[in-house]
Amino acid sequence: MDCGTPVCYAWRLTRFRPAAAKVLEHNMKLLKSCSGQDRVDILVREFLRFKYGDGGKFYRLHWSGDFFSAAYARDLMEACAKVPDVTFWNFTRNFSEPVVAAIAEHKPGNVVQYVSADEVNLEQAVKTTEKFPGTFKFSYMGACKPEGFPGLKDCPANFPHKNAIEFMCSKCRMCLKGRPVFFRTRGAGVKQKTGEDK
Ligand code: SF4
């Protein structure tokens, strides 16, 4: 996991749920300790557990963390391709050339891949979406919507009092359709690091 500010929901969750932090740490070590077919197999097992065990159809990748290497990006995309009747969606702040190229080359049709932009990385995020048209969808996180992006729609979680039910991604599904999404932050500014590439 590569985040460390109070603005990050994963940071907040793991602070109050240390058991979740341990699981994330374990998963990260496991994924970094292997590569290629072994890593693909581990990921596919998890996706099949989700599909048959939980009856899930929509899988949010990386609710904490990000792509940590181009090889991992490739393996993850290959694993998703092996479970075509599940729709995956994902946000990345890692715009390093090898990582985004691996995503663009290997992303199957059942993965909706967003760039996660903010005031710090907006230029890089836009360049990435423009360089790989059709591969990356656009999302922005900040205190207010950026100028020049008229199509951005609010995530229902921006209005928690009005949208208690639509909160749930499975009800809303805006991200599953690749719509440009705006996530409103509260409190401190956005200063998360991007993922590292190896
Ligand atoms: S816009 Fe909808 S699908 Fe996307 S994160 Fe918000 S609730 Fe979930």
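Here we summarise the structure given alongside this text. (Residues numbered from 1 in each chain as written. Predicted model: local features only at pLDDT ≥ 70, side-chain atom pairs only at ≥ 80, totals over all residues.)

### Looking at the overall build of the chain
Consideration 1: Counting secondary structure elements, the chain contains seven helices and six strands.
Consideration 2: The order of helices and strands in the chain, counted from the N terminus, is α-α-α-β-α-β-α-β-α-β-β-α-β.
Consideration 3: Burial analysis of the chain (198 residues in total) assigns 27% to the buried set.
Consideration 4: For the chain, restricting intrachain contacts to residue pairs at least 6 apart in sequence, the fraction spanning at least 24 positions comes to 72%. (Helix = DSSP H or I, 4+ residues; strand = E, 2+ residues; numbered from the N terminus. Buried ≥ 20, exposed ≤ 12 C-beta atoms within 10 Å, placed from the backbone. Contact = placed C-beta atoms within 7 Å.)

### Let's talk about the site of the ligand
Consideration 1: Around the ligand, the surrounding shell consists of Cys 155, Pro 156, Ala 157, Cys 169, Cys 172, Arg 173, Met 174, Cys 175 and Val 181.
Consideration 2: Among the residues forming the shell around the ligand, the class breakdown is eight nonpolar, no polar and one charged. (Near = placed C-beta within 6 Å. Nonpolar A, V, L, I, M, F, W, Y, C, P; charged D, E, K, R; others polar.)

### With respect to helix α3 (residues 36-53)
Consideration 1: Taking 1.5 Å of rise per residue, the 18 residues of α3 would be expected to cover 26 Å, and the 25 Å separating its terminal C-alpha atoms lies within 8% of that figure.
Consideration 2: Taken together, the buried positions of α3 are occupied by Arg 39, Val 40 and Leu 43. The buried side chains of α3 occupy one side of the element, clustering within an arc of 100° when seen end-on. In α3, those exposed residues whose orientation departs by more than 90 degrees from the buried face are Gln 37, Asp 38, Arg 45, Arg 49, Tyr 52 and Gly 53.
Consideration 3: Taken together, the buried residues of α3 touch α2 (18-33) and α4 (70-81).
Consideration 4: Note on α3: the residue one or two positions beyond its end, Gly 55, has a positive phi of about 65°. (Expected span 1.5 Å × (residues − 1). Arc of directions from axis to C-beta.)

### Description of the environment of Ile 103
Consideration 1: Among the secondary structure elements, Ile 103 is positioned in helix α5 (residues 97-106).
Consideration 2: When the C-alpha atoms of Ile 103 and Ala 71 are compared, they prove to be 9.8 Å apart, with 32 residues separating the residues in sequence.
Consideration 3: In contact with Ile 103, other than residues within four places in its own chain, are Ala 73, Met 77, Gln 113 and Thr 135.

### Remarks on α5
Consideration 1: Listed in full, the buried residues belonging to α5 are Val 99, Val 100, Ala 102 and Ile 103. Viewed along the axis of α5, the buried residues span an arc of 155°, placing them on a single side of the element.
Consideration 2: In this fold, the buried residues of α5 make contact with α4, β3 (111-117) and α6 (122-131).

### Observations concerning the sheet that holds β3
Consideration 1: If you trace the six strands from one edge of the open sheet to the other, you get β1-β2-β3-β4-β6-β5, paired in parallel fashion. Across the chains shown, the open sheet's two edge strands, defined by having one partner strand only, are β1 (58-60) and β5 (153-154). (Pairing = 2+ DSSP bridges.)

### Quick notes on the nonpolar core
Side chains of nonpolar character tend, in soluble globular proteins, to be buried together.
Consideration 1: Grouped together as the largest cluster of nonpolar side chains are 33 residues, with contacts concentrated most on Ala 73, Leu 76, Val 99 and Tyr 114.
Consideration 2: Among the elements that make up this core, the one with the highest residue count is α4 (seven residues).
Consideration 3: Here Tyr 114 is in contact with Asn 90, Phe 91, Phe 136, Lys 137, Phe 138, Ser 139 and Cys 175, once residues within four sequence places are set aside. (Core = buried A, V, L, I, M, F, W, Y, C linked by C-beta atoms within 7 Å.)

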